[in-house]
Number of protein chains: 2
Amino acid sequence: MADMLLKPDPDDARLTRRVRGLDQDGKTIETAVVVERPLTLFLNGQEVVTMMTIGDFPDYLAVGYLLNQNMLRPDDEITGIDHDAELEVVVVRTERQTDFEDKLRKKTLTSGCAQGTVFGDVMEKFDSIRLDPDAVLKTSWLYALSKQINLTPSLYLAAGAIHGCVLCAEDRPLIYMEDVGRHNAIDKIAGYMHLKGIGPEGKIFYTTGRLTSEMVIKTVQMRIPILVSRSGFTAWGVELARKADLTLVGRAKGKRFVALAGEHRIRFDSDPAAVEEEGARHQRKGSLVEDAV
Amino acid sequence: MADMLLKPDPDDARLTRRVRGLDQDGKTIETAVVVERPLTLFLNGQEVVTMMTIGDFPDYLAVGYLLNQNMLRPDDEITGIDHDAELEVVVVRTERQTDFEDKLRKKTLTSGCAQGTVFGDVMEKFDSIRLDPDAVLKTSWLYALSKQINLTPSLYLAAGAIHGCVLCAEDRPLIYMEDVGRHNAIDKIAGYMHLKGIGPEGKIFYTTGRLTSEMVIKTVQMRIPILVSRSGFTAWGVELARKADLTLVGRAKGKRFVALAGEHRIRFDSDPAAVEEEGARHQRKGSLVEDAV
């Protein structure tokens, strides 16, 4: 794991809080809980959205959110990102005048939620994206990735109630982000990739969260051809993945997994019988519950 | 469980879809995945929001959402609820002219997301609510509820990737709803309670999801004094629960649980040592992963 570019920092005191309470025996205990704080995002002069986040990477989150919502174009020049921790505000400035304000004002007449209106644009772009048909997922990589990610110290293991997303290349986890919402974790990775110039070629995306339509859309937007999760599927997630020819692997725990789209990219180079089942600690991870008294 | 008023119907063919894929051995399998579909909500003439839902109870979801967002007052007379499954639209009509349209139009000038602006109103009301200080949670009820809920056939056990919420009285689960989003499951229960005239007195709210600020706010809005979850906490959820004197119990699995707010309502009438740990099937439930081939 020496070559991970970014991994969780469970010792960062800003991200968890220690609180007192009672356990099942009526005994006073102290436990760590994960922090969620509001962050209001501005694009140039326009207030866009207020997100609930752990707040570790406001800059990556802001840029990734704007990219995944098509409010920022990949070729837009970002002239500044200002974060004010006290005001809980992040402002992204671009050279190009963004037209989001007009778009928003026009569309709110027909729809109550800005998120919903933007969705329309996103789907148009979704249909035009072609993912690399020659990308490959070896099952040996899949097993190696799951194991390394589960063993990496994380906020999840320290405090629970959090989702993780990991950008991987072959059998190597590269960027491991956590957040209270899985959409934030994926947006932070999108922002990191954009700002550091990391492309989607040869990448695999891993998430602890469910494979919903939203996760599939964001992965395709990021042009990553393979999406893997410990959790389950929704029917619309499967349908969209098939439409985009995204390789969609879910319920990946221990030796087991199920692929429901883009199966042609999978190379079965491992004998599942030789793969260890997950230990108790891994099972707790999957349960999204962890005491840390 | 004979007296549950409403429970999941995993045999309802509209709620899951059977899809084909490959398992870890490269073998073709068929598995059930849960359906998510858009539902656009109108209040009188005003389009409010598009929600992603399994779509089993559009009427309860619509009314519960409007109540929990303070767009509908508890004393508003509902004159009609029309659901068009083909158009994926539900319209709630009231006698009183609702003022949501003006409110929305005015506020979108300062905030990009209608959800965010409504939040302000909701917090004002939150501060004024007093929960019943004399309500009680016996630990024997807590253990009995967890066991009954885990053993009830559900979409979760059939297809995974779904959240459950249960309204309970003492040791009895009354209304058990599931949905792709835990906020939808809780809104459906709020709508059911309102339309069937079920009050919050003596009730306990159980959820499979995390105890975030949103879950705490909705439970308090519904005036239910006790919230229990299998999952973990966020710091803001704990803070809000303490402010409202909501009894907040999390990480409730087998004999274990942690209470981080409103501990004074808990009566320790069980010996945790005598409580069975959860079996493998329960552990799978907690993991939000379930094969159903």
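Scroll up a little and you will see the structure.
Quantities reported herein were computed from a predicted structural model and do not represent experimental measurements. (Residues numbered from 1 in each chain as written. Chains lettered and ligands numbered in written order. Predicted model: local features only at pLDDT ≥ 70, side-chain atom pairs only at ≥ 80, totals over all residues. Heavy atoms only, no water.)

Chemist: Would you take a moment to explain the overall build of chain A for this structure?
Modeler: Helix and strand counts for chain A come out as 9 helices and 14 strands. A buried classification covers 61% of the 293 residues belonging to chain A. Considering only residue pairs separated by 6 or more positions, chain A has 55% of its internal contacts joining residues 24 or more positions apart. Total accessible area computed for chain A in this model is approximately 11500 Å², and 49% of it derives from carbon and sulfur atoms. (Helix = DSSP H or I, 4+ residues; strand = E, 2+ residues; numbered from the N terminus. Buried < 20%, exposed > 50% of the residue type's maximum accessible area, 1.4 Å probe, protein only. Contact = heavy atoms within 4.5 Å. Areas by Shrake-Rupley, 256 points an atom, 1.4 Å probe, with all protein chains shown as cover.)

Chemist: Just to check I follow, could you spell out the packing of aromatic side chains for this structure?
Modeler: Residue and element names in this part refer to chain A. Per the stated rule, a full pass over the model turns up 8 aromatic pairs over all chains. Relative to Y192, the ring of Y60 lies with its centre 5.1 Å away and its plane at 75 degrees, an arrangement referred to as edge-to-face. In this pair, Y60 is assigned in helix α1 (residues 58-68) and Y192 in helix α6 (residues 182-196), connecting sequence segments 132 residues apart. Residue class for Y192 comes out buried when judged on its relative accessible area of 7%. For the pair F257 and F268, a centre-to-centre distance of 6.4 Å together with 15 degrees between the ring planes defines the contact as stacked. Taken together, the residues F257 in strand β13 (residues 256-261) and F268 in the loop between β14 (266-267) and α9 (280-286) connect sequence positions 11 residues apart. Take F257: its relative accessible area is 1%, and that puts it in the buried class. (Phe/Tyr/Trp six-rings, centres within 6.5 Å; stacked < 30°, edge-to-face > 60°.)

Chemist: Any chance you could explain the sheet that holds strand β1 (residues 16-23) of chain A here in plain terms?
Modeler: What the 8 strands build is an open sheet, ordered β2(A)-β1(A)-β13(B)-β12(B)-β11(B)-β10(B)-β8(B)-β9(B); its pairing is mixed. Unpaired on one side and paired on the other, β2 (28-34) of chain A together with β9 (172-179) of chain B mark the two borders of the sheet. Across this sheet, the average inter-strand angle for adjacent strands is 30 degrees, counted without regard to direction. When strand β8 (residues 163-169) of chain B meets β9 of chain B, the two strands line up antiparallel, connected through 7 bridges. Directly across from V166 of chain B, in β9 of chain B, lies its bridge partner Y176 of chain B. (Pairing = 2+ DSSP bridges. Axes fitted to C-alpha atoms, helices over the stretch in contact; angles between N-to-C directions.)

Chemist: Would you mind going over α6 of chain A with me for this structure?
Modeler: Residue and element names in this part refer to chain A. Between its first and last C-alpha, α6 extends 21 Å over 15 residues, near the 21 Å set by a 1.5 Å rise per residue. Most of α6 is tucked away: 11 of the 15 residues are buried. Within α6 the residues assigned to the buried category are R182, N184, A185, I186, D187, K188, I189, A190, G191, Y192 and M193. Contacts made by the buried residues of α6 are with β4 (46-53), α1, β8 (163-169), β9 (172-179), β10 (203-207) and α7 (213-221). Looking one or two residues past α6, G197 carries a phi angle of roughly 70 degrees, positive in sign. (Expected span 1.5 Å × (residues − 1).)

Chemist: Is there a simple way to explain α1 of chain A in this structure?
Modeler: In an α-helix, one full turn covers 3.6 residues, which means residues spaced three or four apart are oriented alike. Residue and element names in this part refer to chain A. Across the 11 residues of α1, 10 count as buried, placing the element largely inside the fold. Among the residues of α1, those classed as buried are P58, Y60, L61, A62, V63, G64, Y65, L66, L67 and N68. A positive phi of about 60 degrees marks N70, the residue just after α1.

Chemist: Would you take a moment to explain the sheet that holds strand β3 (residues 37-43) of chain A for this structure?
Modeler: All names here are of chain A. The strand order across the open sheet built from 4 strands is β4-β3-β6-β5, with neighbouring strands paired in mixed fashion. In this open sheet, the two strands that pair with only one neighbour each are β4 and β5 (78-84). Ignoring which end each strand starts from, the neighbouring axes of this sheet average 20 degrees apart. As paired strands, β3 and strand β6 (residues 89-94) are joined by 4 bridges and run parallel to one another. From the neighbouring strand, F42 faces β6, where its bridge partner is V91.

Chemist: Help me out: how do you make sense of the state of the cysteines in this one?
Modeler: Defined simply, a disulfide is a covalent bond joining two cysteines at their sulfur atoms. All names here are of chain B. Per the counting criterion, the structure on display carries 0 disulfides over all chains. For C165, which is in no disulfide, the shortest distance to another cysteine sulfur is to C168 and amounts to 10 Å. C165 gets classed as buried once you look at its relative accessible area, which sits at 0%. (Disulfide = S-S within 2.5 Å.)

Chemist: Would you mind going over the pairing of strand β12 (residues 247-253) of chain B with me for this structure?
Modeler: A regular strand places its side chains on the two faces of the sheet in alternate fashion. Residue and element names in this part refer to chain B. The buried fraction of β12 is high, at 7 of 7 residues. Sheet topology places strand β11 (residues 226-229) next to β12; 3 bridges connect them, and they run parallel. Across the sheet, the residue bridging to L227 is L248, located in β12. Regarding topology, helix α8 (residues 235-244) serves as the crossover connection from β11 to the parallel β12, and that connection is right-handed. As judged from the 4 bridges shared by β12 and strand β13 (residues 256-261), these two strands associate in the antiparallel manner. If you follow K253 over to β13, its bridge partner there is R256. Between β12 and the antiparallel strand that follows it, β13, lie 2 residues; G254 among them carries a positive phi value of about 60 degrees. (Right-handed = clockwise from strand over helix to strand, strands pointing away.)

Chemist: Sorry, what's going on with the environment of L15 of chain B here?
Modeler: Relative to the helices and strands, L15 of chain B resides in the segment before β1 (16-23). Filtering out sequence-adjacent residues up to four positions away, L15 of chain B remains in contact with D9, V33, V34, V35, I54, D56 and L155 of chain B.

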